[in-house]
Amino acid sequence: FRAGLPPPPIQGIPTGGGVVASTLGRQLHLMDRPGLRDTTIEPPAHAGVIFSAEPSPDGKELATVGWLPGEDSLGVHIFRLADGSMRRVAVLFGDNLETPRWLPDGMLLVPLQETRWAEALYRVSPTGGQPERLGTLPLMTASYRFSADGTRGVIRAFEQNTDVHVVRGFAQMVNARP
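Residues numbered from 1 in each chain as written. Predicted model: local features only at pLDDT ≥ 70, side-chain atom pairs only at ≥ 80, totals over all residues. Heavy atoms only, no water.

A. Inspection of the pairing of strand E8 (residues 86-92) at higher detail. As defined by bridge partners, strand E7 (residues 74-80) adjoins E8 across 6 bridges and the pair is classed as antiparallel. For His-77, the partnering residue across the bridge sits in E8 and is Arg-88. Count of turn residues in the E7/E8 antiparallel hairpin: 5 residues, of which Gly-84 carries a positive phi of about 75°. (Pairing = 2+ DSSP bridges. Helix = DSSP H or I, 4+ residues; strand = E, 2+ residues; numbered from the N terminus.)

B. Highlighting the pattern of salt bridges. Evaluated as defined, the whole model comprises 6 salt bridges. Of the charged contacts, one joins Arg-123 and Asp-105 as a salt bridge, the two residues approaching to 2.6 Å between their closest N and O atoms. Taken together, the positions of Arg-123 in strand E11 (residues 118-124) and Asp-105 in the loop between strand E9 (101-102) and strand E10 (108-115) put the pair 18 residues apart, joining distant regions of the chain. Put simply, Glu-61, Arg-80, Asp-83 and Arg-87 are held in one network by salt bridges that share partners. (Salt bridge = Lys/Arg side-chain N within 4 Å of Asp/Glu carboxyl O.)

What follows is the structure, given as structure tokens:
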């Protein structure tokens, strides 16, 4: 990890252990998995600079988000732990420092800062296809956290006021179908 930067969050793997993306974004560290050695994985160059990884509910895959090399866009990838393969499932334009979340239906929820003043949520299929924009979140410069089942969201705005807000209608927005 890079000196002087805060350590990245460790995401728990449901089958045991955890995963963390390095602060340099070029490695994934898998640790404390039952019966397995700690492993450092270097994803393929096409995956870009990965800054977050979220284990699937069954612990077999990781959803990653990172900057694509030579592009002004983000790639959402699925990394299979069994064989080390990685596939791109979506390309989004904007900024994202939030971790994607697996929803109960197997889809991914990806927060994205589309502009300096607008954050939105996207549903992304782990098998690929067109990402679905769900809507804009109510605050611009904030940290968003979502429950594991995708039904609740909370916001903490980056301002002097340290209030935390519940996102009303979050479950309906996430589960809406065209």
